[in-house]
Every structure is written in structure tokens, then in C-alpha cells.
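# Coordinate inspection notes
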Protein chains: 2
Amino acid sequence: MEVLFLLLLCVLSASADQFTALVELEQALRVEGELAKHLEAYINLEEARLAQLRQLATEMDEHSRTVLSDPVKYLGNPVNAFLVVKRFTVDWPDAKQRLIHSRNTDDLDALQASMTSSFPSEDDYVGSIEALIRLQDTYALETHRIAEGKIPGVKVSPKMSAFDCFEMGRVMYNEGDQYHTILWMQEALDQLAQEESKSVEEESVLDYLSYALYVQGNLRHARNITQRLLDLVPEHTRAQNNLNHYNQLIAKEEQEEGVRKKGDDG
Amino acid sequence: MEVLFLLLLCVLSASADQFTALVELEQALRVEGELAKHLEAYINLEEARLAQLRQLATEMDEHSRTVLSDPVKYLGNPVNAFLVVKRFTVDWPDAKQRLIHSRNTDDLDALQASMTSSFPSEDDYVGSIEALIRLQDTYALETHRIAEGKIPGVKVSPKMSAFDCFEMGRVMYNEGDQYHTILWMQEALDQLAQEESKSVEEESVLDYLSYALYVQGNLRHARNITQRLLDLVPEHTRAQNNLNHYNQLIAKEEQEEGVRKKGDDG
């Protein structure tokens, strides 16, 4: 699938390669559907396992409670003694083996083994992000519109999560592209503010964002974001060091500006 | 706990050792209650894990279905392409690591490690069964009454499952005690007939029962039980061989009886 995402822009411009790209993506989507079915089957097996285990836990709890409520009376009955001992020598080892340490993953493992070759690769992943960024630049699209899945002229897609935006920024950061890192990390923060169940940690976003801002030369903004990071994670040593560094640079800048102003005045 | 079950009869006859036995059993019961609580906590963690996994499976299923319903339309949007590829390169490896191959067993493992020394042993288990058998003989108790947890003069206990009765018989079988093997395997069959969710496989019970009957010299009953076993598991080679052997022995007996009868007649 490596060439796939270089072709994505062609999809939009309706080139001859469009067909190949679609066929490969369709194949991946079918695998996604397959995987969903196998996951469902796995979850059902796991739920049956937990139901059995819950029954054992309930039995143990009830037995322990009942007998301890009047030990002399109950333990006079050797059938009870047998049942207590059985709990530890038979039921518990059996539960450990069959209900706790068994995995139900055979089917999933087999599926994975048979399908790995048709799975998109890490390169495809980076490629799909690069394609989106190229599209953003070519058509001057707003970051927020892309994150909402609204690309002009094509069908709306599901919206991106804060994590997805973070990933866009992270890949751009790795490519030394501070400009897009800032756009997408900012978007990640905006999405994060709306998410009930957070898809990414705010401090990770702030960490990338503040550093990209610093490299871009936006010292004051970098300082504010770093301060926000430290409000969340006061013990973040690197952020503390960065903050000191930014403050020194800002102080130096202000001093130089002061000197220049004085010079202007003089 | 090794001497514990030699003392169980003493509990009934109110000896000085009664106190020790009770204290040790009480301790085991408290561990049982502890274990039940930790099992509950484990089950809750596992259910949370499965809920997350089910959410992923649902997302995958919906995404695959929606996009495949009109691939050209949907896949023209590169945000969709990104989401498909992310499924395989980020979500799926993460799900495997965090939601499928993680175990949630740390707490249970720690508990087990800290408590194993106070767990009753295999010897205690065999001892608890021997104590029950000794009680049965001493007071001439009906097998069925014991299985129902009804020991005269003491508080009723929970009833024994078919598996429990099978275990009574199995331990007696290992001790070469065919008489009690037959009593308890027969009881296991009776309990099994009433169980909705079978606690032991009928063929296992029949296998022990038929052999004990044969050793006791009850050839015809052994043959009938072996036939019942073969009705359940026709490919059971050892049972087939046994059946042939029993049939030969019975034929020989009948022949000898016939000769004797003839002799009587002549």
C-alpha cells in the first residue's frame, strides 16, 4: 500500500490512478469489517468467561459470609469443610487456569496472522497525514474544517478526534514543519475542550505546541503554553527548564529593546 | 492445615482439638471472602476493558459499513483515508496491547502470592473427603443424605454438586476402595440428572463406575454401564475393549453355569 497516499491527491483531481487507490482502500475497509466481527466474537467469549467467574465469586462470597456468620454451627458439618477446602484446591486453580489465565485470542491471533500483509503500514499512516497537509496547503483549507471532516467538494467524513489532530501535529513535528505542528496542536486543544472522554493527554499537546512555538520564534506564546503545561504537571522538569530559558530570552529581548529605545531617545 | 481433617471427626465428638480445627477453617473462610472481593474487582476491570473494546468494534463496523456503502463518494475524502489507515496502524496495535493482551491480574497475582501459604493443600482436600467417608461408615449415613448436606445433629450445609460426588468417588477409587467409589459415582449420576448446567461429564462418571463394578465382580452391571458410556461416546476404544472383555467373561460364566446345571440335571 506504500504508494497509496501519494495518490490521494490524484483522487481529488480524478487521475487514472484513482481506481487503484480506491481498490486498495476498499480492501482495507473490508479487513476493518472482518476485524470488527472477530472482535465481537472475542468479546462474547470473554463475557461468557466473566459471567462464569462472577458466579464463582458470588458463590465464594455467599459461602464465606454464611459460614462465618456462625462458624461453630456451620463448620460442625464436614460437608462444609469439604466445600471450603475444595474452593482452594480445585475451584480456584481451575478458575485461574480456565477463567483467568485463558485468553480466547486464538481466533483473533489467526486472523491477524492471515491479514497482516494486507494491513496498511506505518508508512501509509504518515503518508495519509502528509496527503491531508498537502491538500490543506493546496486548497488553503482551514484546519478546523478538515478536523470536522468537511473537505470542499467531497462527501463529509467522520470528524477527527483530539488524538487525530495531535497525530497530524506530531507527524509534522517529526518532519521539522513547525508551522503545521502549531496549527494542528492548537486544533487538538480545541477538540480536547469538547471531548467528554479525552482521546489524548492535554500535557502532551501542550508540550509539542510550546516547543514548536519556541522554534518559530514566538517566545511569549511559547512561555504561556509552557506555563499552562506546568499548571497541569508542576513536576515536569523539562518544562521548568524551558520556562526559565524562555524567560531569560524574553528578558534579554526586552533589555535590548530598552537599549534600542534609549538609543532612539538619545 | 495438614492435620485438620483428621480432626474433623473430633469436631463431631467435641474433643479438645475442636477449637484448633475451627480456627483454621475460619481462617480459610476469611481468605475465601477476601478472594471473592478481589475477584469482583478483577471482573469489574475486565468488564471496563471489554466495554472499551466493544466501542472500538462498533466504530470499526460502522465505519467499514458506511464507507463501503458508497466507496467512491466516501473515499474521495482523504480524512476517511486517514481514519482507515489509523485503524490499522494505531487503534488496532493499541487495542491489542492495552485491551486484548493486558491482563488486569496484578492484584489477583499479588493476593495469591501473599496467601498461598494459608491455602489448604491437596492433602487437606483428600483428607476432607476421607473424613466424610469415615463419617458415612461410622454413622451408616446414606450417600444421598450427605450429598444433600444433611448430616444428623449438625447444621445443614450447601448441597454437593455432581462434580463433588464424582470427586468423592474418584478419591476413593485412587485408594482402591471400590465399594465407596460405586456409592458416590452412582450419586454423581443422580445429581447430574438434576443439574441444568452439568458440573461433570457423564462419561467420566460412567467410566469410573463401570470399572469399579467390574473389580467388585458385578459383571452385568459393569456391562450395562459400559454400554451406556458407549452410547454417549461410541469411539471410546478402551470402553469397547472392556465391553468385549465383560461379554466374554459373562459368556464364560453362563457356559459354566450351564455345565453346572447340566451336571445337576445329570
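Up top you'll find the structure we're talking about.
Residues numbered from 1 in each chain as written. Chains lettered and ligands numbered in written order. Predicted model: local features only at pLDDT ≥ 70, side-chain atom pairs only at ≥ 80, totals over all residues. Heavy atoms only, no water.

A separate point is helix α9 (residues 178-194) of chain B. Residue and element names in this part refer to chain B. Taking 1.5 Å per residue as the helical rise, α9 with its 17 residues ought to reach 24 Å, and the 25 Å between its terminal C-alpha atoms agrees with that figure. Among all positions of α9, only Gln178, His180, Thr181, Ile182, Trp184, Met185, Glu187, Ala188, Leu189, Gln191 and Leu192 are buried. Lining the buried residues of α9 we find α6 (122-138), α7 (143-147), α8 (162-174), α10 (202-215) and α11 (219-232). The opening residue of α9, the one whose side-chain oxygen lies 3.3 Å from the backbone nitrogen of Tyr179, is Asp177. (Helix = DSSP H or I, 4+ residues; strand = E, 2+ residues; numbered from the N terminus. Expected span 1.5 Å × (residues − 1). Buried < 20%, exposed > 50% of the residue type's maximum accessible area, 1.4 Å probe, protein only. Contact = heavy atoms within 4.5 Å. Polar contact = N/O pair within 3.5 Å; in protein donor to acceptor, adjacent residues only side chain to side chain.)

What follows deals with the interface of chain A and chain B. The interface of chain A with chain B comprises 89 residues on the first partner and 90 residues on the second. Counting each side, the surface lost to burial between chain A and chain B is near 7900 Å², with a carbon and sulfur contribution of 72%. Interface area lost by chain A to chain B is led by A:Glu32, A:Phe82 and A:Phe88, which between them contribute 9%. Our enumeration of links across chain A and chain B arrives at ten salt bridges. The interface formed by chain A and chain B contains 20 residue pairs in polar contact (both at pLDDT 80 or more). (Buried area = accessible area lost by both parts, 1.4 Å probe. Salt bridge = Lys/Arg side-chain N within 4 Å of Asp/Glu carboxyl O.)

This next bit is on the environment of B:Lys155. In this structure, B:Lys155 sits in the loop between α7 and α8. Its relative accessible area of 30% is what places B:Lys155 among the partly exposed residues. Setting aside residues no more than four positions away along its own chain, B:Lys155 makes contact with A:Lys73, A:Tyr74, A:Asn77 and B:Gly149.

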